[in-house]
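So you can see what is in the structure, the chains are spelled out below.
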Amino acid sequence: MLLIKTAFKNIIGSGKRTWLNVTVLSLTLVIMVAYAGTNDGFVEEARRETREWEIREGQLWHPEYDRFDIFTLQDAHGVIPDELAPCVQSGASVPILVLQGSMFPKGRLQNVLLKGIPVSQTALALPSWEIVPDGSGDIPAIIGKRMAKSADMTTGDRVMLRWRDHNGVFDARQIVIVHIFDSKVPAVDGGQIWFNLDDLYEMSGMAGQATYFVQTRDCLVMSDVAGWHFKDLKFLMKDIDIMEQTARMEGVIIFVILLSIALLAVYDTQVLSIFRRQKEIGTYVALGMTPRTVTWLFTLEGTTYSILAALVSFVWGAPLLALYASYGIPIPGSDDYGIAMGDVLVPVFKVSSILITFGVVALFSALVSYLPARKIARQNMVLALKGKIH
């Protein structure tokens, strides 16, 4: 306890040098917490939106289906297995049929994916209940805002659509856009048109078939069923995991740079302090302290900088970060990034991340304070009293 009191009095007595170090460490702490919160917020939002709009608890894929290869779509469909029929009837498992097609908005050709989904489903956030006829006789469909932007279409627009049926024969009909939904997930929006599953059955002649199933907790099948392959959350969110790892690597690089700048100031202060306080060091030993205890005293002083920095950061950083968490940061052009991200990125500040950040800063503050102070234990204290430490 005596060492703590002595260390605290010493750094307070250092005046401007102390508060300069505290200010630098405080800025570093707040920036590190803000950056970590931004990464956590991005990842959590991407995971949450992807699950709500696209995958829920997992999917079952047709053996020929590959979401990254559109050439597999012609054969990537099959009859709903008997094992899944009860789940499909109860709505706990959502069958989705995917076809490749082309549409001709305003005389242009645009390749699209045609996706059929039961209008009564509630497993996904997709507003399938909006797929209702408008009384014109045209096939109703909904699209996302990205699709509407790329095709220059609005609600009520009609467009000619062409596709292949189950025999591979081309067919064409006019469809009407009855609703445009707003989703943060490009995988359910970009280049896609959503139909009532029954309408797509009639258009394609593939009644009772599906390309994949979206599963919920009420009917979660975690193994292959009748040749259909189970895809878990780890597989379906692999791209998000990769982005998270990349963001964390970038964060480590930024943290190293910030910490290096901040800790360099602490290191220089400790080296200068030991040089200027040689007689004080000798006096401590003359009063009964061991050289090793004096070494720990200087180490504790350096560590105290990080503690004061944490307190100062809480005073000015907490309100600033709270404001950041409330309003987020606008992300212009987020629709074009190809990832699940909204127009505003809201950070998520986890207690674990904050504690880890403070722990890292405190640990390295102690380390850079110990490195110059460890030489004290090897010095001649008689020379220290004379102010002649080498």
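Scroll up to find the structure this text is about.
In this text, all values refer to a predicted model and were calculated from it rather than measured experimentally.

Student: Explain the side chain of serine 365 to me, please; I cannot follow it from the model alone.
Tutor: The residue serine 365 is located in helix α10 (residues 351-373) in this model. The exposure class of serine 365 is buried, given its relative accessible area of 0%. A distance of 2.7 Å separates the side chain of serine 365 from the backbone oxygen of valine 361, its partner in a polar contact. When neighbours within four sequence positions are excluded, serine 365 is seen to be in contact with Leu25, Leu263, Gly302 and Ser306.

Student: Mind showing me how you'd approach the environment of leucine 73 here?
Tutor: Structurally, the position occupied by leucine 73 is in the loop between β1 (59-61) and β2 (78-79). Judged by relative accessible area, which is 4%, leucine 73 ranks as buried. Put simply, leucine 73 and leucine 97 are 24 residues apart on the chain and 9.6 Å apart in space, counted from C-alpha to C-alpha. The residues touching leucine 73, leaving out its near neighbours within four places in the chain, are Tyr65, Val98, Leu99, Gln100 and Leu113.

Student: I keep staring at the packing of aromatic side chains and nothing clicks. Help me out?
Tutor: We describe a pair of aromatic rings using the distance from one ring centre to the other and the angle between the two ring planes. Scanning all chains against the criterion turns up 7 aromatic pairs. Both rings, one in tyrosine 35 and one in phenylalanine 255, keep their centres 6.1 Å apart while their planes meet at 75°; by these two values the pair is edge-to-face. Taken together, the residues tyrosine 35 in helix α2 (residues 16-55) and phenylalanine 255 in helix α7 (residues 238-276) connect sequence positions 220 residues apart. An aromatic cluster is present here, built from Trp61, Tyr65, Tyr212 and Phe235 joined pairwise through their rings. Over the ring of phenylalanine 170 we find arginine 162, and its NZ or CZ is 4.9 Å from the ring centre.

Student: I'm lost on the nonpolar core in this one. Help?
Tutor: Nonpolar side chains tend toward joint burial in soluble globular proteins. Core analysis: the largest hydrophobic core is formed by 33 residues, its most contacted members being Met103, Leu114, Leu161, Ile175, Ile193 and Phe195. Elements that contribute at least two residues to this core include exactly β3 (93-103), β4 (110-117), β5 (139-144), α4 (145-151), β6 (158-164), β7 (170-181), β8 (192-196) and α5 (197-204). Of all the elements, α5 adds the most residues to this core, at 4 residues. If we ignore the near neighbours within four places in the chain, the residues touching leucine 161 are Ser102, Met103, Val112, Leu114, Asp171, Ala172, Arg173, Ile175, Ile193, Phe195 and Met203. Trp53, Val94, Ile117 and Ala123 belong to the second largest nonpolar core, which has 27 residues in total.

Student: Just checking my understanding: could you explain the side chain of glutamine 215 for this structure?
Tutor: As for its placement among the helices and strands, glutamine 215 is situated in strand β10 (residues 212-215). The class of glutamine 215 is buried, set by a relative accessible area of 0%. Setting aside residues no more than four positions away along its own chain, glutamine 215 makes contact with Ile55, Arg56, Glu57, Gly58, Gln59, Leu60, Ala92, Ser93, Leu220, Val221 and Phe230.

Student: I would appreciate a short explanation of the layout of surface pockets in the present structure.
Tutor: Where empty space is left in the structure can be found by rolling a water-sized probe over the atoms. Reported here for the largest pocket is a volume of approximately 670 Å³. Lining the largest pocket we find 31 residues, and of these Glu54, Arg67, Pro186, Ala187 and Gln192 sit closest to its centre. Of all elements in the fold, only α2, β1, β3, β4 and α7 reach the threshold of two or more residues within the lining of the largest pocket. No other element matches the 4 residues that β4 contributes to the lining of the largest pocket. Of the residues assigned to the lining of the largest pocket, the class counts are 17 nonpolar, 8 polar and 6 charged. Inspection of the lining of the largest pocket shows a minimum of three residues originating in each of domain 1 (2-52 + 239-386) and domain 2 (58-221).

Student: I would appreciate a short explanation of the environment of glutamine 74 in the present structure.
Tutor: Mapped onto the elements, glutamine 74 comes out in the loop between β1 and β2. With 24 residues separating them in the primary sequence, glutamine 74 and valine 98 have C-alpha atoms 9.0 Å apart.

Student: Hey, could you run me through α2 in this one?
Tutor: Structurally, the α-helix is built with 3.6 residues per turn, so residues lying three or four positions apart point the same way. For α2, spanning 40 residues, the distance from its first C-alpha to its last is 56 Å, which sits close to the expected 58 Å at 1.5 Å a residue. Backbone geometry just after α2 places arginine 56 at a positive phi near 50°.

Student: Looking at this model, I keep getting lost on the pattern of salt bridges. Mind explaining?
Tutor: Opposite charge on two side chains lets them pair, provided their charged atoms get close. Counted under the stated rule, the structure contains 14 salt bridges. Its salt-bridge partner being glutamate 44, residue lysine 350 comes within 3.6 Å of it at the nearest N-O pair. Of this pair, lysine 350 sits in the loop between β13 (344-345) and α10 while glutamate 44 sits in helix α2, and the two are 306 residues apart along the sequence. Exposure remark for glutamate 44: the relative accessible area of 32% places this residue in the partly exposed category. The shortest N-O distance in the salt bridge between arginine 158 and aspartate 138 comes to 2.7 Å. Within this pair, whereas arginine 158 is found in strand β6, its partner aspartate 138 is found in the loop between β4 and β5, the two being separated by 20 residues in sequence. When its relative accessible area of 15% is taken as the criterion, aspartate 138 is described as buried.

Student: Any chance you could explain the pairing of β10 here in plain terms?
Tutor: Looking along a regular strand, one sees the side chains alternate between the two faces of the sheet. The two faces of β10 match: Tyr212 and Val214 on one face and Phe213 and Gln215 on the other face are all buried. Of the strand pairs in this sheet, β1 and β10 are connected by 3 bridges, and their pairing is antiparallel. Note that in β10 the partner of leucine 60 across the bridge is phenylalanine 213. Sheet topology note: the β3/β10 ladder contains 4 bridges and is antiparallel. Counted as the bridge partner of serine 93 is glutamine 215 from β10.

Student: Quick question: what am I supposed to make of a nonpolar patch on the surface here?
Tutor: Taken together, Leu264, Tyr267, Val271, Leu363, Phe364, Leu367 and Leu371 make up a surface patch of nonpolar side chains, about 590 Å² in accessible area. Secondary structure elements with two or more residues in the nonpolar patch: α7 and α10. Sorting elements by how many residues they give to the nonpolar patch places α10 first, with 4 residues. With respect to the element layout, valine 271 can be found in helix α7. On the basis of relative accessible area, valine 271 is assigned to the partly exposed category, the value being 36%.

Cut-offs applied
- Residues numbered from 1 in each chain as written.
- Predicted model: local features only at pLDDT ≥ 70, side-chain atom pairs only at ≥ 80, totals over all residues.
- Heavy atoms only, no water.
- Helix = DSSP H or I, 4+ residues; strand = E, 2+ residues; numbered from the N terminus.
- Buried < 20%, exposed > 50% of the residue type's maximum accessible area, 1.4 Å probe, protein only.
- Polar contact = N/O pair within 3.5 Å; in protein donor to acceptor, adjacent residues only side chain to side chain.
- Contact = heavy atoms within 4.5 Å.
- Phe/Tyr/Trp six-rings, centres within 6.5 Å; stacked < 30°, edge-to-face > 60°.
- Lys NZ or Arg CZ within 6 Å of the ring centre and 35° of its normal.
- Core = buried A, V, L, I, M, F, W, Y, C linked by side-chain atoms within 4.5 Å.
- 1 Å grid on protein atoms, 1.4 Å probe; cavity = no way out; pocket = protein on both sides within 12 Å on 5 of 7 lines; lining within 4 Å.
- Points joined across faces, edges and corners; volume = space filled by probe spheres on them.
- Nonpolar A, V, L, I, M, F, W, Y, C, P; charged D, E, K, R; others polar.
- Domains from an automatic or database assignment.
- Expected span 1.5 Å × (residues − 1).
- Salt bridge = Lys/Arg side-chain N within 4 Å of Asp/Glu carboxyl O.
- Pairing = 2+ DSSP bridges.
- Patch = residues over 30% accessible without salt bridge, like charges linked within 9 Å, V, L, I, M, F, W, Y side chains within 5 Å.
- Areas by Shrake-Rupley, 256 points an atom, 1.4 Å probe, with all protein chains shown as cover.

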